[in-house]
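Residues per chain, in single letters:
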Amino acid sequence: MAKKFKRSYKFAIKTSLYITVFLSVVLAGFAHFTSGLLLGPFFTFILITYFVSFFIIQYRVEHFIYKRIKKIYDNVSLLESTSLSPNRVTTDMATLTREVEKFTKDKKLEIDSLKVRETYRKEFMGNVSHELKTPLFTVQGYILTLLDGAMKDKTIRKKYLQRASKGVERLIYIVRDLDMITKLETGDLHLEKEDFNIVEIIQGSFDLLEMKAAKKNITLTFDIDYDKPIWVYGDRDRIQQILTNLIVNSIKYGKEDGTTEISIENLIKNKVIVRVTDNGEGIEEENLPRVFERFYRVDKSGSRKEGGSGLGLSIVKHIIEAHDEKIYVESVFGVGSEFSFTLEKSKDIPEIDTEIATPEA
């Protein structure tokens, strides 16, 4: 009951008591020095004074506080003044304080979030600008050179047009990847899931990138011989895109005469985990949380020499998440990196004769 008792009642009771005591003392003193004190009328006066004081004070306090709290509610958009009623106002002082404190905390979190987003937006815009302007200026330079008279030389004309064409291809590559990420984020990219043999997909990626790997004498291999097919459920083309991106990265940052190894292991009853491991330059620990960000470059100086849009790992992450799966990265700088992702098994998938492993997030 004490908790439900309005705080303004306590205030009114105490204040009325003070007023009553004061007036009673004044009246008693006045009566003592005049005609004497009549107890009956005196106690009647005390009671009337007390109750009248109580109701006047209570009404005035509620009216006074209500008007000012309602003004706060009206001025601060976080609070709904329509939910405020006069008969609740005096018990709502603590509630108002809690709501204002909650509002302050929420706004602080919102401001912090906006600051992070603003920083990310600036970095993203800067990266997009850099990635686009490099091929644009290249194409523009070759075209202006041709317009200034170089196109009269057939040899130079053909060479410059070929280089301009490569610049345009790079622009298309970047725009295409950005479009894919946008579709993945908005859910507009439809996944055509089916049962397929993941071993066959990996081997196809090896065959596709064999020549690229041969330039650095990097060996593309399985950890063991997978004689039997391993059936998984997902979008065949998107999973091949994931594997291609991961293998290309392992080649790009791999060491001469290195190795890129892929393993497929049981994770849980209905999941497998695919690991892509290399013995390349590795990733420093402080860069690991950001490797899946758009345009984020681990090697600020040399990575652009290898080409690519800088969106590969971001696309990989989005495709994996679109499958409701997980992707992990582990790396030791100077030793190598391992990217792994989970996939759902087909219902009729044969058991994989490898040790069950659990990835570390």
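Anything mentioned here points back to the structure above.
These figures come from a predicted structure and were not determined experimentally. (Residues numbered from 1 in each chain as written. Predicted model: local features only at pLDDT ≥ 70, side-chain atom pairs only at ≥ 80, totals over all residues. Heavy atoms only, no water.)

Caption draft 1: Spatial organisation of the overall build of the chain. Assigned secondary structure in the chain consists of 7 helices and 7 strands. Its helices and strands taken in sequence order, the chain reads α-α-α-α-β-α-β-β-α-β-β-α-β-β from the N to the C terminus. Here the chain holds 361 residues, and 39% of them are scored as buried. Looking at the chain alone, contacts between residues at least 24 apart form 73% of all its contacts between residues at least 6 apart. (Helix = DSSP H or I, 4+ residues; strand = E, 2+ residues; numbered from the N terminus. Buried < 20%, exposed > 50% of the residue type's maximum accessible area, 1.4 Å probe, protein only. Contact = heavy atoms within 4.5 Å.)

Caption draft 2: How the structure looks around the pairing of strand 2 (residues 219-222). Burial along strand 2 is one-sided: Leu220 and Phe222 are buried, while Thr219 and Thr221, pointing the other way, are not. Here 4 bridges tie strand 2 to strand 4 (residues 259-268), and the two strands are oriented parallel to one another. Note that in strand 4 the partner of phenylalanine 222 across the bridge is isoleucine 262. (Pairing = 2+ DSSP bridges.)

Caption draft 3: Here's a closer look at empty space enclosed by the protein. With the rule as written, the count across this model stands at 1 cavity of 30 Å³ or more. Approximately 30 Å³ is the volume found for the largest cavity. In terms of lining, the largest cavity is formed by Lys193, Tyr233, His323, Glu325, Leu343 and Glu344. Of the residues contributing to the lining of the largest cavity, the split by class is 2 nonpolar, 1 polar and 3 charged. (1 Å grid on protein atoms, 1.4 Å probe; cavity = no way out; pocket = protein on both sides within 12 Å on 5 of 7 lines; lining within 4 Å. Points joined across faces, edges and corners; volume = space filled by probe spheres on them. Nonpolar A, V, L, I, M, F, W, Y, C, P; charged D, E, K, R; others polar.)

Interpretation note: all reported values are geometric properties and have no functional meaning in isolation.
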